[in-house]
2 protein chains.
Amino acid sequence: MAGIPSAGSAPTLEMVAARAGVSRATVSRVVNGSPKVSPDVVAVVQEAIAALNYVPNRAARSLASRRTQAIALVVPESTAKVFNDPFFATLVQGIGLALADTEYTLSMLIESEAAFDKTRRYLLGGNVDGALVASHHTGDHSYAHVSRSLPVVFGGRPLDPSEQVNHTVDVDNAHGAELAGDHLVERGRRRIAAIAGPQDMPPGVDRLRGWQRSLERAALPIGLVEYGDFSPASGAEAMRRLLAREPEIDGVFAANDQMAIGAYTAILETGRSIPGDVAVVGFDNDQYAAMAVPPLTTVHQPSLEMGEVMARTLVRLIAGDDVPATTLLPTRLVVRQSS
Amino acid sequence: MAGIPSAGSAPTLEMVAARAGVSRATVSRVVNGSPKVSPDVVAVVQEAIAALNYVPNRAARSLASRRTQAIALVVPESTAKVFNDPFFATLVQGIGLALADTEYTLSMLIESEAAFDKTRRYLLGGNVDGALVASHHTGDHSYAHVSRSLPVVFGGRPLDPSEQVNHTVDVDNAHGAELAGDHLVERGRRRIAAIAGPQDMPPGVDRLRGWQRSLERAALPIGLVEYGDFSPASGAEAMRRLLAREPEIDGVFAANDQMAIGAYTAILETGRSIPGDVAVVGFDNDQYAAMAVPPLTTVHQPSLEMGEVMARTLVRLIAGDDVPATTLLPTRLVVRQSS
DNA sequence: GTGAAAGCGCTAACAT
DNA sequence: ATGTTAGCGCTTTCAC
């Protein structure tokens, strides 16, 4: 009992045409909503379509029209591993939301070392009308050349700013981190540390830079930095190293909420209190931030909106519209009880 | 500066044939790895392919061969909203992993009320060779009929067990919940409550049932139940209601880790301790479970494996293999410090 | 082992 | 407003 029991073969446009007593071209026009078909004929054709339960074959349509009505979402494997990252989940949600209004469908490509060529072929093989590259990753530029033959929108700037990537949508990470730093300073903290993200990822770099700018403006030292990989465990470890280096730390900025939650563990296990002894500020405003004990002060990142903007930008790009090469989305501080 | 600057049109099989001095049929054979082509000809053709940077056009190939080499992942919108659910994220990861070894690509369809027909058309329009339906949701059966004309594998059983759905892969939720209940009982807890999930989702039902079975076996009352929607906030609220109903609660089982974390908040804010006053056990073993303070005892759910099994099952189904109608994956208890 | 020829189901000029 | 006629780029018998 395996295989596909499909009842006969699928109805074709030709069968609809025969049943409606018109030409295939007319059926095609009706299916594609052409304005130049008389209302009565439209009715007859639609009846036939319904009766036959006809669904156009995409491969044929795409072959003939040279359009696919599909766009690819490329997710580097490293990101897929961090798929648990709520940021990414929300991003995908935003993309889906924006695409729901259109005729486009989403093809998700989980990129891996081995599959790099597979992905490239897919992108270049006429499977999609455009691609969205979601990445926190260096690998970005691997697809830069693809953007020469296919509309592509990147999420997040390339690591090397000099690398000219046509279209990107990014969050203002540096400014968000500055807000976090300023807030800690305003709260009277003076020994402010940072748990930075990987420095081979733009958000890792930008958030660290924002924090540095803020402390420098306040004439505070910027040496208390340890690095994590955006996971909770790495945040805990980084915090332990920081505390070992400087027990008097009274404030810490973590480059994302997951590491901030990890830092909570490390701080609390030493008997220190939050925010009494150490104030903590995160970044992302994921759903756990509000639920943490105490609730985490953090920088809100508009990930849903980022997904929507990426999708809409790509759709316009495919349509041949003129779209800005870079879109920077604003961030804002959400003050809770950890600071 | 918009549009696609593609340098000339993409190379076709015919161009490769011309350059290699063979027929199109031969090139096709080489591309598809046919064994009946002489080695020297293979070499010449591959050289031409490389020189032209040829990539086969999928639409054409799919039209001619009536295969698409693509499979769909259908995600009901309700799930997409809960996309933050780490379970789901990991599931997708497992699917991607399993598919990486194959020639299949993943097409993700985020299903919405409005787009139901869009999704159906896509599935039936010859866009994919099969579909994976990932759902915690009642809506499942909407696709049951699709499975009559397309190989489909469902993640999670249908809500109504009598509903015969061809192929499903599920986690043994009931048994996992029983393990959790038994553990609480063994720890000497006697006023054991449950924060259940929505009862219109199979995991919600099965996990509650498992907990009940365990308590009944221990001759303990099963009335202390409040419901949440699997979000941390709902877990906190449910816990507050439970504590209001019965202040002497000394153990609680939450149907997922997110609600368990929410319960932490509600328990701690009353000055109670974990596990001193109240032992807590969750379900899922997501990445936050281990990082919680105290680390959360929970039931491990093999979500990565579930994704892999779903994908592999579908691939075999497409190949016409005989595959079991139902696969149930085992769960196990992970004991940490919350109990 | 290789080539010739006939489509796969649809769209898009071009006629009418 | 509707029909006719070519293909879109590839796979696949069927001959050789």
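Cut-offs and rules
Residues numbered from 1 in each chain as written. Chains lettered and ligands numbered in written order. Predicted model: local features only at pLDDT ≥ 70, side-chain atom pairs only at ≥ 80, totals over all residues. Heavy atoms only, no water. Pairing = 2+ DSSP bridges. Helix = DSSP H or I, 4+ residues; strand = E, 2+ residues; numbered from the N terminus. Axes fitted to C-alpha atoms, helices over the stretch in contact; angles between N-to-C directions. Contact = heavy atoms within 4.5 Å. Domains from an automatic or database assignment. Buried area = accessible area lost by both parts, 1.4 Å probe. Salt bridge = Lys/Arg side-chain N within 4 Å of Asp/Glu carboxyl O. Polar contact = N/O pair within 3.5 Å; in protein donor to acceptor, adjacent residues only side chain to side chain. Nonpolar A, V, L, I, M, F, W, Y, C, P; charged D, E, K, R; others polar. Near = heavy atom within 4 Å.

**What about the sheet that holds strand β9 (residues 279–284) of chain B?**
All names here are of chain B. The strand order across the open sheet built from six strands is β7-β6-β8-β9-β10-β12, with neighbouring strands paired in mixed fashion. The strands lining the two open edges of the sheet, one partner per strand, are β7 (225–227) and β12 (332–334). Going from strand to strand, the sheet's axes swing by 20° on average, the running direction of each strand aside. The pairing of strand β10 (residues 297–300) with β12 spans three bridges and is antiparallel. Paired with H300 across the bridge in β12 is R332. Each of β6 (192–196), β7 and β8 (251–254) touches helix α10 (residues 232–245); the most contacted strand, β7, lies at about 150° to it. Across the sheet, helix α11 (residues 257–268) touches β6, β8, β9 and β10, and the angle it forms with β9 is around 155°.

**Remarks on the domain arrangement of chain A**
Here the domain parsing of chain A yields domain 1 (13–56), domain 2 (70–170 + 304–328) and domain 3 (173–301). The straight-line distance from the C-alpha centre of domain 1 of chain A to that of domain 3 of chain A is 62 Å.

**Describing the interface of chain B and chain A**
Counting from both sides, the interface comprises 66 residues of chain B and, opposite them, 66 residues of chain A. Between chain B and chain A, roughly 5,300 Å² of surface is buried when both sides are summed, and carbon and sulfur atoms account for 60% of that area. Linking chain B to chain A there are zero salt bridges. The interface formed by chain B and chain A holds three residue pairs in polar contact (both at pLDDT 80 or more) in total. When residues of the side of chain B that touches chain A are traced back to their parent elements, those giving at least two are α4 (58–65), α5 (77–81), α6 (86–100), β2 (105–111), α7 (116–124), α10, α11 and α12 (287–291) of chain B. Sorting elements by how many residues they give to the side of chain B that touches chain A places α6(B) first, with nine residues. Classifying every residue of the side of chain B that touches chain A by side-chain character gives 35 nonpolar, 20 polar and eleven charged. Inspection of the sheet shows strand β2 (residues 105–111) of chain A paired to β2(B) by three bridges, in the antiparallel sense.

**Quick word on the protein's contact with DNA strand D**
As a matter of local geometry, DNA strand D sits amid 28 residues, with A:R29, A:S38, B:L13, B:S28 and B:Y54 nearest to it. The sugar-phosphate share of atoms of DNA strand D within 4 Å of the protein amounts to 57%. Between DNA strand D and the protein, one listed contact pairs a phosphate oxygen with a side-chain N or O atom of A:T26 at 2.7 Å. Within the backbone of B:L13, one N or O atom sits 2.4 Å away from a phosphate oxygen of DNA strand D.

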